[in-house]
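One-letter residues, chain by chain:
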Amino acid sequence: KRLINGEEYEVANKIPTEKTDPMILGSLIHCMVLEPDEVDKRYAVMPKVDLRTSIGKETKIVFERNNQGKEIVKDEMLEIAKECYKSLVETGVIDLFKGGQVEQAILFDILGVEAKGKLDFYNENKGLLIDLKTTQKSGLDFAKECSDRDYFLQGSFYFDGLQTLGKKVNQVLFVGIQT
């Protein structure tokens, strides 16, 4: 998608995209849903402090030092992520993510080009590939967002990659969870 958007230089030089709060929230929700045992290892919630005071500034510095290597998130983000997870459980959608592999990296060759993908969820027995998307949309608005963001390219890319590796794919699902 970055190449389609004219970011050839950035891709060639492996320049990462800048993390935004929605991206961080999406990653937190992914982790909570797909790898719940990893949440405390990867994320730390910044305590509420008054950064106008020397005590607040010192607390922040000590907290960041003690949590190096972790993504620092605001308490509000954690609460949103918990509500999203709760919604998946209450609706039974969480059951779709059982019996397969999560966050699986695949390497494959397409038309002589080495390619790599990271699958959110793949159940080889069912041939089920799921990509979890965080969104503010629902219903047809979410479907339009999927189209606008070219998610079909990602789904097709993973589909082709799995087939190249001799894996079956019967369904590609995009599961949208409203933030």
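Above this note sits the structure.
Residues numbered from 1 in each chain as written. Predicted model: local features only at pLDDT ≥ 70, side-chain atom pairs only at ≥ 80, totals over all residues. Heavy atoms only, no water.

## Details of the pattern of salt bridges
So, step 1. Overall, the coordinates contain 16 salt bridges when judged by the stated rule.
So, step 2. In this structure, D21 and K74 form a salt bridge, with 3.2 Å as the shortest nitrogen-oxygen distance. With a gap of 53 residues between them, D21 in helix α2 (residues 21-34) and K74 in the loop between β2 (71-73) and α5 (75-91) connect regions that are remote in the sequence.
So, step 3. Judged by relative accessible area, which is 44%, K74 ranks as partly exposed.
So, step 4. Between D131 and K133 there is a salt bridge, with its nearest N and O atoms 2.8 Å apart.
So, step 5. Taking relative accessible area as the criterion, D131 reaches 7% and is therefore assigned buried.
So, step 6. The buried category is assigned to K133, whose relative accessible area is 10%. (Salt bridge = Lys/Arg side-chain N within 4 Å of Asp/Glu carboxyl O. Helix = DSSP H or I, 4+ residues; strand = E, 2+ residues; numbered from the N terminus. Buried < 20%, exposed > 50% of the residue type's maximum accessible area, 1.4 Å probe, protein only.)

## What about the nonpolar core?
So, step 1. Counting residues in hydrophobic clusters, the biggest one holds 24 residues, and the most contacted among them are L28, I29, V33 and F97.
So, step 2. Among the elements that make up this core, the one with the highest residue count is α2 (8 residues).
So, step 3. Ignoring sequence-local partners within four residues, the contact set of V33 consists of Y85, L88, I94, F97 and L132.
So, step 4. Formed by 9 residues, the second largest nonpolar core is a distinct cluster that contains I106, F108, A115 and V169. (Core = buried A, V, L, I, M, F, W, Y, C linked by side-chain atoms within 4.5 Å. Contact = heavy atoms within 4.5 Å.)

## Overview of the packing of α2 against α5
So, step 1. In the contact formed by α2 and α5, the axes pass within 9 Å of each other and the chain directions differ by 45 degrees. Taken as axis vectors, α2 and α5 run oblique relative to one another. The two elements α2 and α5 cross, and the hand of that crossing is right-handed. For the pair α2 and α5, the contacting residues are D21, I24, L25, L28, I29, M32 and V33 in the first and M77, L78, I80, A81, K82, C84, Y85 and L88 in the second.
So, step 2. Here the residues of the contact of α2 with α5 are counted per class, giving 13 nonpolar, no polar and 2 charged. (Axes fitted to C-alpha atoms, helices over the stretch in contact; angles between N-to-C directions. Parallel < 35°, antiparallel > 145°, perpendicular 65-115°, else oblique. Left-handed = near helix turned anticlockwise from the far one by under 90°. Nonpolar A, V, L, I, M, F, W, Y, C, P; charged D, E, K, R; others polar.)

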